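Descriptive structure summary
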Amino acid sequence: MTDLDVMTLRTAYDNQLRPEIPDPVPAGVTVERDGPLVRIIGLDAGGFLTYRNLGGLTGDALDELIARQVELFRQRGQSVEWKLNEHDEPADLPDRLRAAGFVPEERETVVIGPVASLAAALPVVPEGVRLREVTSRTDLERIAAMEEEVWQEDRSHLVWGLAKEVDADPHSITIVVAEAGETVVSAGWVRFPANTGFGTLWGGSTLPQWRRKGIYRALVTYRARLADQRGRTLLQVDASEDSRPILERLGLVPVTTTTPYVYTP
């Protein structure tokens, strides 16, 4: 793929997917604007800061914007994530975030690719594993329990966060589990952002003993078919270093990176 193609995909990502605001906004979730920045509270364990660009803010004006977020979440006693993309400006934004108390977490790669070729492939899962679309709270709790086993940390926010999205608009998200008997061995969801050509893929954590069996790949192709049925033409994933090579082999290409900068009071 040429550099021009990568730039075209990155522009589509910036123009169509950023800022990442749920639509419709689920009950109990607030969306607030502070200049070019959008604050989302109530959808995850902490707050979330998103934007398309920072409107040319630099220097003291940018520091003041950052400081307002720190003070607001300090008063709330709540952590907040500032989602920083590699191509965001100004170039010293990471330094300014760190100076304000934000800590960078693991970087991911934003990969994008065409839906059609993936949707044409049948999901192939190992014997004894099935893929199933779910919406019930019981199944969401099983997904959270699987993720807690994988990551060894609390994932209860997934239960109420995903439930809020389903309740707000069941057509905006589809959640898929991979099950072996009564055990959820992996899970992922696809969101269909309004007024875009994208399906966006999330989740994909897999129990260690079930990795390297093709389950993650099957979840990707299954969700690609769902996106194709909705008329979406592009898939986007914030890919970990584990999933990025698989996604690149499936035809998705890197367009930028994204790093969560987290402030914790």
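Here the structure is a predicted model, which means the values were calculated and not measured.

Things to note about the overall build of the protein
Each helix and strand in the protein was counted, giving 8 helices and 12 strands. Computed over C-alpha atoms, the radius of gyration of the protein comes to 18 Å, within 12% of the 18 Å expected from 2.2 N^0.38 for 265 residues, which places it in the range of a compact globule. Projected onto the principal axes, the alpha-carbon positions of the protein cover approximately 60 × 45 × 30 Å. Burial statistics for the protein: of 265 residues in total, 48% are counted as buried.

What about the pattern of salt bridges?
One side chain can pair with another of opposite charge once the charged atoms of both are near each other. For the structure on display, the rule yields 22 salt bridges. Across the pair R132 and D139 runs a salt bridge, and its minimum N-O distance is 3.1 Å.

Regarding the UniProt feature "domain: N-acetyltransferase" (unreviewed entry) in the protein
In the numbering used here, UniProt assigns the "domain: N-acetyltransferase" (unreviewed entry) feature to residues 129–265. In residues 129–265, the share of helix is 35% and the share of strand is 36%. The end C-alpha atoms are 42 Å apart.

As for the nonpolar core
By size, the foremost hydrophobic cluster in this structure holds 45 residues, and its most contacted members are I143, I175, L235, V237, L247 and L252. Put simply, the parts of the chain that give this core at least two residues each are α4 (115–119), β7 (129–134), α5 (137–151), α6 (157–168), β8 (173–180), β9 (183–191), α7 (215–229) and β11 (234–239). Among the elements that take part in this core, α7 stands out by supplying 8 residues, more than any other. Not counting residues within four places of it along the chain, the set of residues in contact with I175 comprises R132, E133, V134, L140, I143, L162, V166, G188 and W189. Judged by nonpolar contacts, the second largest core, of 18 residues, contains L62, V70, L97 and Y263.

Calculation rules
- Residues numbered from 1 in each chain as written.
- Predicted model: local features only at pLDDT ≥ 70, side-chain atom pairs only at ≥ 80, totals over all residues.
- Heavy atoms only, no water.
- Helix = DSSP H or I, 4+ residues; strand = E, 2+ residues; numbered from the N terminus.
- Rg over C-alpha atoms; globule rule 2.2 N^0.38 Å.
- Buried < 20%, exposed > 50% of the residue type's maximum accessible area, 1.4 Å probe, protein only.
- Salt bridge = Lys/Arg side-chain N within 4 Å of Asp/Glu carboxyl O.
- UniProt positions renumbered as here; feature names shortened; annotations may be inferred.
- Core = buried A, V, L, I, M, F, W, Y, C linked by side-chain atoms within 4.5 Å.
- Contact = heavy atoms within 4.5 Å.

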